[in-house]
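Here is what each chain is made of, one letter per residue.
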Amino acid sequence: MSRGFKVAIAGATGAVGDAMRTILEEREFPVEEVRFLASHRSEGKKLTFRGEEISVQVLGNDSFRGIDLALFSAGSAISKEFAPAAVKAGAVVVDNSSAFRMEEDVPLVVPEVNPEEIANHRGIIANPNCSTIQMVVALKPLHDKWRLSRIVVSTYQSVSGTGRRAMAELEEQVRSWVEGKKLECQVYPHPIAFNCLPHIDVFLENHYTKEEMKMVQETQKIMKLPNLPVNATAVRVPVMVGHSESVYAEFEEEVSSEEATLLLKEAPGVEVVDDPGKNVYPLAIDAEGKDPCYVGRIRVDLYNRRALSFWVVADNLRKGAALNAIQIAEELIKE
Ligand code: NAP
Ligand code: 3JN
């Protein structure tokens, strides 16, 4: 291995951990040593990194000795329990969970939107929720031009956002449906095959779900607009990988779809896919395995000349999680 940083991945055997390994390799992140951490269920399992087989170790408080960078994606309870140990051992933590996102002294970063926040870290940098990330990447250039005043968003989130078990459940239900058998539900409360569930994460007292409230609060923090009205409806759809979103955004000034398209074409991390006459618009199936946030169906509201609607699609395991985390790490090592 080339000289570089000592990197640990907590949750290395999961859907996000898997994408982290791939992306570290693809982007030739300067890794001197890598440590794969997961639960006791995966102890000794071999994962390949740059052609070398590496055994998974059980995550514990002493897993981070000598580590420079710890990428966490094992859920918020695990982050809360072990991220402090990683920081104490001298590592910088980039955390994919919701554990620290809304803490005042933890930067919540999307490198295309607020990279300047990275410098304020005190050991932990939080990666936003996948649905927030792709929405703010698309909104940032529009906000810089016209100033956002309201967002209404509906998401169409793939099952990989729930992890490996949910991907297996969708596949199993499709198989059962083809064979005329009963659809068994273990991960979701209803069949996800051939269905849409307006329910992601738990319901809160205000009748919104936690996923919807993450989109509200994280967007306000990242965009530095603490009073921005955001209304989110998060829906799980029977797609394996790739989250899609229908975004309605109001601005302080009149907008135009032509100018919005030009701004989005120039924006980092965005690719415009918008030729409806030829049936060309962003599709989850095309976004899988890719890095950009794809934006299409860009149009001005018929009744409000200060509002735009668009459709944004991204690979939730990459830009929504692993890629964003590794982009943060790349910014960190520039420092
Ligand atoms: P997953 O496929 O279910 O994988 C979970 C990972 O966590 C596995 O590596 C698992 O190890 C590990 N893990 C579970 N319990 C553990 C324990 N007690 N000790 C150590 N490791 C443990 O889930 P995923 O889709 O990769 O997501 C993992 C987490 O990433 C989520 O819970 C969430 O916090 C975060 N996430 C964030 C976003 C985002 O929007 N930014 C998107 C998706 C996920 P074993 O294989 O040994 O069980
Ligand atoms: O459901 C999705 O599409 C995204 C899921 C994200 C997720 C799943 C379990 C726990 C999160 C997250 O990133 O907000 C968490 C969490 O850390 O709370």
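Residues numbered from 1 in each chain as written. Chains lettered and ligands numbered in written order. Predicted model: local features only at pLDDT ≥ 70, side-chain atom pairs only at ≥ 80, totals over all residues. Heavy atoms only, no water.

Caption draft 1: Up close: the sheet that holds strand E10 (residues 230-236). With respect to topology, six strands assemble into an open sheet ordered E10-E9-E11-E14-E13-E12, the strand pairing being mixed. Each having just a single partner strand, E10 and strand E12 (270-272) make up the two edges of the open sheet. Pairwise comparison of adjacent strand axes, ignoring direction, gives a mean angle of 25° for this sheet. Looking at chain direction, E12 and strand E13 (residues 293-300) are connected through three bridges and run parallel. Within the sheet, the bridge partner assigned to valine 270 lies in E13 and is cysteine 293. Across the face of the sheet, helix H3 (residues 130-146) comes into contact with strand E9 (148-157), strand E11 (243-251), E12, E13 and strand E14 (307-314) while running at roughly 30° to E11. (Pairing = 2+ DSSP bridges. Helix = DSSP H or I, 4+ residues; strand = E, 2+ residues; numbered from the N terminus. Axes fitted to C-alpha atoms, helices over the stretch in contact; angles between N-to-C directions. Contact = heavy atoms within 4.5 Å.)

Caption draft 2: Local environment of the sheet that holds strand E2 (residues 31-38). Strands sit in the order E5-E2-E1-E6-E7-E8 across an open sheet of six strands; the sheet is parallel. Two strands bound the open sheet, and with one partner strand each, they are strand E5 (57-58) and strand E8 (124-126). Sheet analysis places strand E6 (residues 69-72) next to strand E7 (residues 92-95), joined by four bridges and oriented parallel. Counted as the bridge partner of phenylalanine 72 is aspartate 95 from E7. Contacts from helix H2 (residues 76-88) reach E6, E7 and E8, with the element oriented near 175° to E6. Set on the sheet, helix H8 (residues 318-334) makes contact with strand E1 (5-10), E6, E7 and E8; between it and E7 the angle comes to about 155°.

Caption draft 3: Quick look at the site of ligand 1. Residues in close proximity to ligand 1 total 26 residues, the closest being Thr13, Ser39, Arg41, Ser42 and Cys130. One nitrogen or oxygen atom from the main chain of proline 128 is found 3.0 Å from a nitrogen atom belonging to ligand 1. In the model, an oxygen atom of ligand 1 is placed 2.5 Å from a nitrogen or oxygen of the cysteine 130 main chain. Against a free-state accessible area of 920 Å², the protein chains account for coverage of 77% of ligand 1. Every element with two or more residues in the shell around ligand 1 is listed here: helix H1 (15-26) and H8. Residues belonging to the shell around ligand 1 are distributed by class as follows: 10 nonpolar, 13 polar and three charged. (Near = heavy atom within 4 Å. Polar contact = N/O pair within 3.5 Å; in protein donor to acceptor, adjacent residues only side chain to side chain. Areas by Shrake-Rupley, 256 points an atom, 1.4 Å probe, with all protein chains shown as cover. Nonpolar A, V, L, I, M, F, W, Y, C, P; charged D, E, K, R; others polar.)

Caption draft 4: Layout of the site of ligand 2. In the neighbourhood of ligand 2, 14 residues make up the surrounding shell, with Ser98, Arg101, Lys214, Arg236 and His243 lying closest. One of the side-chain nitrogen or oxygen atoms of asparagine 129 is found 3.3 Å away from an oxygen atom of ligand 2. Glycine 161 is positioned with one of its backbone polar atoms (N or O) 3.5 Å from an oxygen atom of ligand 2. Within the complex, the protein chains bury 76% of what would otherwise be the 430 Å² of accessible surface of ligand 2. The class makeup of the residues in the shell around ligand 2 is two nonpolar, eight polar and four charged.

Caption draft 5: How the structure looks around the pairing of strand E3 (residues 46-49). The side-chain alternation of E3 yields one buried face, formed by Leu47 and Phe49, and one unburied face, formed by Lys46 and Thr48. Both E3 and strand E4 (residues 52-55) contribute to a ladder of four bridges, which runs antiparallel. Looking across to E4, one finds that phenylalanine 49 is bridged to glutamate 52. Linkage of E3 to E4, two consecutive antiparallel strands, is achieved through a turn of two residues, within which arginine 50 is found at a positive phi near 50°. (Buried < 20%, exposed > 50% of the residue type's maximum accessible area, 1.4 Å probe, protein only.)

Caption draft 6: Quick look at the environment of isoleucine 9. Within the secondary structure, isoleucine 9 sits in strand E1. For isoleucine 9, a relative accessible area of 0% corresponds to the buried category. For the pair isoleucine 9 and alanine 70, spaced 61 residues apart in the sequence, the C-alpha separation amounts to 5.9 Å. The contacts of isoleucine 9, once residues within four sequence positions are left out, are Gly17, Met20, Arg21, Leu24, Arg35, Phe36, Leu37 and Leu71.

Caption draft 7: Here's a closer look at the packing of aromatic side chains. Evaluation of the coordinates by the stated rule reveals six aromatic pairs. The interplanar angle of 65° and the centroid separation of 5.1 Å between the aromatic rings of tyrosine 156 and tryptophan 311 together place this pair among those described as edge-to-face. Placement of tyrosine 156 in strand E9 and of tryptophan 311 in strand E14 is noted, with a sequence separation of 155 residues between them. Summarising the aromatic geometry, the rings of tryptophan 177 and phenylalanine 194 are spaced 4.4 Å apart at their centres and angled 40° between planes, so their arrangement reads as tilted. In this pair, tryptophan 177 is assigned in helix H4 (residues 164-178) and phenylalanine 194 in the loop between H4 and helix H5 (210-222), connecting sequence segments 17 residues apart. Looking at arginine 21, its charged tip hangs above the ring of phenylalanine 36, at a distance of 5.8 Å from the centre. (Phe/Tyr/Trp six-rings, centres within 6.5 Å; stacked < 30°, edge-to-face > 60°. Lys NZ or Arg CZ within 6 Å of the ring centre and 35° of its normal.)

Caption draft 8: Seen up close, the packing of H1 against H8. Packing of H1 against H8 brings their axes to within 9 Å, and their N-to-C directions diverge by 50°. Between H1 and H8, the angle falls in the class oblique. In terms of crossing hand, the pair formed by H1 and H8 is right-handed. Contacts between H1 and H8 involve Val16, Ala19, Met20, Thr22, Ile23, Leu24 and Glu26 from the former and Arg318, Ala321, Ala322, Leu323, Ala325 and Ile326 from the latter. Residues that form the contact of H1 with H8 fall into these classes: 10 nonpolar, one polar and two charged. (Parallel < 35°, antiparallel > 145°, perpendicular 65-115°, else oblique. Left-handed = near helix turned anticlockwise from the far one by under 90°.)

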